[in-house]
Amino acid sequence: MRRCWAEPFKIKMVEPIRTTSLAERQRALGAAGFNTFLLRSEDVYIDLLTDSGTSAMSDRQWAAMMLGDEAYAGSANYYHLEQAVHRFYGFKHLIPTHQGRGAEHLLSRILIKPGDIVPGNMYFTTTKAHQELAGGRFHDVIIDEAHDPESEHPFKGNVDLDKLESLIRAAGASRIPYLSLELNVNMAGGQPCSMENIRASSELCHRHDIKVYLDATRAIENAWFIKQRERGYADRSVASILLEICTHADGATISSKKDHLVNIGGMLLTNDDELADEARNLGVLFEGLHTYGGLAGRDLEAIAVGIAEAVQDDHMHARIGQVEYLADRLLAAGIPIVRPTGGHGVFIDARRFLPHVPQQQFPAQALAAEIYLDSGVRSMERGAVSAGRHPDTGENIMPRLELVRLAIPRRVYTQAHMDVTCESIASIYDERRRIHGLRMVCEPKRLRFFQARFEPLRDAGSLCIASRRPDGAASSNPS
Ligand SMILES: *Cc1c(COP(=O)(O)O)cnc(C)c1O
């Protein structure tokens, strides 16, 4: 008989959350310009905006916070974190940064010259923005299956080696400073790379003297999928798979706000002595001295403990297991989601959910707004708004993936929260024809999805499901 699993922890402290009335949510959404990023968190019931910096720390991590050595230079916590990095990632140098984008900034500034091309397996917003800020141009080399939400490919994060090789041939290796290899590719739906593909991509690059830098923000989740899905890894520990992944790269940027189970932090890791020197130099300007990188000593200590917890197989089992639970429930309700289930959340395919809303009218943004209105569950758009505009033509980019992301914070919510979320989305799905698109009325120049504002295309159009419902209930109950 198949047996259930359960979380490898019990709850010691709770944070109350508040249900809201429909009228309150309508007011809040209007004030936020229909952008879930602009909602106040106190107006949110279940917050699935992001898994970034939203993890619950363990009692050991909180205890570690008390061991903060807040010396300006050479804090003991830096050396503890360095030990954890050596042990679990294996890279030689650690340059802490305030969060992931700090590391991306340093790496891009050091390695990219104007006119360079940086291949990557699908873009990530901040990664691409920093590559462009440094004068480079991102070039997508992910396999085609990654752009197909219905493909069941087990490693949709994989690099298409033919695409990479053609790019090297066309552009010349000298114009390609490094391959930006993201693990558990966020924008593809948290989809992993196989070890075989990581190895082959790295061999191809190194043959042409092109470096390989991992976006290892979710490398530990990727290691779990390798254990689950790749031949020869079932009996290996997540920790040993992580170490093997890292042997194929020259270094990595990491946002500690994801895998590492802390609320803030990041790092640049590298085996390259020269690059490390330069990063430490630049880091003083942009982040802080190289032994704290914009973080307090206590933050460094919490990361060191968090890494050791994150590589535990039973932690990863529960983490990914909870995401799979929500995905399976949504699938059973007939909701179109990206397949197979990814690492950090469930991604609803807004094109198939709202086939009557053209992509120019931001269906994923509209659906995220509607979900909030229905139940106070906060999700995020990952589609045309996030993709931004083409740097040359200024045209809106229309990505094939038009998704709403339900990101699951680590160790934060229970199965019942997942049930409430699923029921809300299922009830919206039943009435999806009533949902209209949005018009962008305020567009920031950079990373516009964070602060853009929208208006419904028809008067109160997107409010019409809600306006039929009695006020007062936080969560819909269609039956
Ligand atoms: C979150 C994230 C980043 C950026 O990290 P921040 O800590 O938010 O600056 C970079 N890459 C990936 C894949 C991420 O998920």
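Only a predicted model underlies this, so the values are computations on that prediction, with no experimental measurement involved.

Caption draft 1: Spatial organisation of the overall build of the chain. In terms of helices and strands, the chain carries 17 helices and 14 strands. Its C-alpha atoms give the chain a radius of gyration of 22 Å, near enough to 23 Å, the size a compact globule of 479 residues would have. Dimensions of the chain, computed from C-alpha atoms along their principal axes, come out at roughly 65 × 55 × 50 Å. Among the 479 residues that make up the chain, the fraction classed as buried is 60%. Partitioning the contacts of the chain with sequence separation of at least 6, the portion at a separation of at least 24 is 74%. Summed over its atoms, the accessible surface of the chain is roughly 19600 Å², and 49% of this surface lies on carbon and sulfur atoms.

Caption draft 2: Geometry of the sheet that holds strand β11 (residues 380-382). An order of β9-β12-β11 is seen for the 3 strands of this open sheet, with the pairing classed as antiparallel. Every other strand in the sheet has two partners, leaving β9 (345-349) and β11 as the edge strands with one partner each. Taken over all neighbouring pairs, the strand axes of this sheet differ in orientation by 35° on average, direction set aside. Relative to strand β12 (residues 403-407), β11 runs antiparallel, the two being bridged by 3 bridges. Looking across to β12, one finds that E381 is bridged to V404. Here helix α12 (residues 313-332) sits on the sheet and contacts β9 and β12; the angle it forms with β9, its principal contact strand, is near 25°.

Caption draft 3: Main features of the site of the ligand. The environment of the ligand is formed by 14 residues, the closest being R101, D215, R218, S255 and K258. In the model, an oxygen atom of the ligand is placed 2.9 Å from a nitrogen or oxygen of the Q99 side chain. Here S255 contributes a side-chain N or O atom positioned 2.6 Å from an oxygen atom of the ligand. Across the complex, the protein chains shield 97% of the 380 Å² of accessible surface that the ligand would expose by itself. Per-element tally for the shell around the ligand: the top contributor is helix α4 (residues 100-111), with 3 residues. Per-class residue counts for the shell around the ligand are 1 nonpolar, 6 polar and 7 charged.

Caption draft 4: Main features of the nonpolar core. By size, the foremost hydrophobic cluster in this structure holds 60 residues, and its most contacted members are L81, Y89, L214 and I245. If near-sequence neighbours (up to four positions away) are discounted, L81 is found in contact with L94, M267, L300, I303, A304 and I307. Y45, A327, V404 and I435 belong to the second-largest nonpolar core, a separate cluster that totals 53 residues.

Caption draft 5: Up close: the pattern of salt bridges. Summed over all chains, the structure comprises 27 salt bridges. Close ionic contact of D51 with R218 constitutes a salt bridge, the shortest N to O distance being 2.7 Å. Highlighted residues: D51 in the loop between β1 (46-47) and α2 (59-65) and R218 in the loop between β6 (211-215) and α8 (219-229), separated in sequence by 167 residues. Take D51: its relative accessible area is 0%, and that puts it in the buried class. The salt bridge involving K211 is made with D272; its shortest N-O contact spans 3.9 Å. Taken together, the residues span a long stretch of sequence, with K211 in strand β6 and D272 in the loop between β8 (266-270) and α10 (273-286) at a distance of 61 residues. Here K211 falls in the partly exposed class, since its relative accessible area comes to 29%. A cluster of three or more residues bridged by salt bridges with shared partners is formed by D51, R218, E221, R319 and R410.

Caption draft 6: Structural view of the domain arrangement of the chain. Each domain of the chain was delimited in the assignment, giving domain 1 (22-51 + 313-468) and domain 2 (59-310). Put simply, the middle of domain 1 and the middle of domain 2, counted by C-alpha atoms, are 27 Å apart. Of the residues lining the interface, 35 residues belong to domain 1; the matching set on domain 2 comes to 46 residues. Contact between domain 1 and domain 2 buries roughly 3000 Å² in total, counting both sides, with carbon and sulfur atoms accounting for 55%. Looking at the side of domain 1 facing domain 2, the largest losses of area belong to M316, P340 and L401, adding up to 19% of the total buried there.

Caption draft 7: Region of interest: the packing of aromatic side chains. Using the criterion set out here, one finds 9 aromatic pairs in the structure. Judged by centre distance (5.9 Å) and plane angle (80°), the ring pair of Y178 and Y213 falls under edge-to-face. Of this pair, Y178 sits in strand β5 (residues 178-182) while Y213 is found in strand β6, placing the two residues 35 residues apart along the sequence. Taken together, a centroid distance of 4.2 Å and an interplanar angle of 40° make the contact between F449 and F450 tilted.

Caption draft 8: Representation of the confidence of the model for the chain. Predicted confidence across the chain gives a mean pLDDT of 94, with 96% of residues reaching 70 or more. Predicted confidence for residues 460-479 stays below pLDDT 50, and this span has 50 contacts to residues more than four positions away or in other chains.

Caption draft 9: Focus on a nonpolar patch on the surface. Together, F9, I11 and V14 make up an exposed nonpolar region whose accessible area comes to about 320 Å². With respect to the secondary-structure elements, F9 resides in the segment before α1 (22-31).

Caption draft 10: Structural view of the packing of helix α6 (residues 161-171) against helix α7 (residues 195-207). Running from N to C, α6 and α7 cross one another at 10°; their axes reach a closest spacing of 11 Å. Of the possible angle classes, the one that applies to α6 and α7 is roughly parallel. Here α6 contributes L161, L164, E165 and I168 to the contact with α7, which in turn contributes N197, A200, S201, L204 and C205. Here the contact of α6 with α7 is built from residues that sort into 6 nonpolar, 2 polar and 1 charged.

Caption draft 11: Fine view of the pairing of β5. Here β5 lies mainly inside the structure; 5 of its 5 residues are buried. With burial as the criterion, each face of β5 is covered, one bearing Y178, S180 and E182 and the other bearing L179 and L181. The pairing of β5 with β6 spans 5 bridges and is classified as parallel. Within the sheet, the bridge partner assigned to E182 lies in β6 and is D215. Regarding the hand of the β-α-β motif, the stretch spanning β5, α7 and β6 is right-handed.

Reading the values: the criteria
Residues numbered from 1 in each chain as written. Predicted model: local features only at pLDDT ≥ 70, side-chain atom pairs only at ≥ 80, totals over all residues. Heavy atoms only, no water. Helix = DSSP H or I, 4+ residues; strand = E, 2+ residues; numbered from the N terminus. Rg over C-alpha atoms; globule rule 2.2 N^0.38 Å. Buried < 20%, exposed > 50% of the residue type's maximum accessible area, 1.4 Å probe, protein only. Contact = heavy atoms within 4.5 Å. Areas by Shrake-Rupley, 256 points an atom, 1.4 Å probe, with all protein chains shown as cover. Pairing = 2+ DSSP bridges. Axes fitted to C-alpha atoms, helices over the stretch in contact; angles between N-to-C directions. Near = heavy atom within 4 Å. Polar contact = N/O pair within 3.5 Å; in protein donor to acceptor, adjacent residues only side chain to side chain. Nonpolar A, V, L, I, M, F, W, Y, C, P; charged D, E, K, R; others polar. Core = buried A, V, L, I, M, F, W, Y, C linked by side-chain atoms within 4.5 Å. Salt bridge = Lys/Arg side-chain N within 4 Å of Asp/Glu carboxyl O. Domains from an automatic or database assignment. Buried area = accessible area lost by both parts, 1.4 Å probe. Phe/Tyr/Trp six-rings, centres within 6.5 Å; stacked < 30°, edge-to-face > 60°. pLDDT = per-residue confidence, 0-100. Patch = residues over 30% accessible without salt bridge, like charges linked within 9 Å, V, L, I, M, F, W, Y side chains within 5 Å. Parallel < 35°, antiparallel > 145°, perpendicular 65-115°, else oblique. Right-handed = clockwise from strand over helix to strand, strands pointing away.

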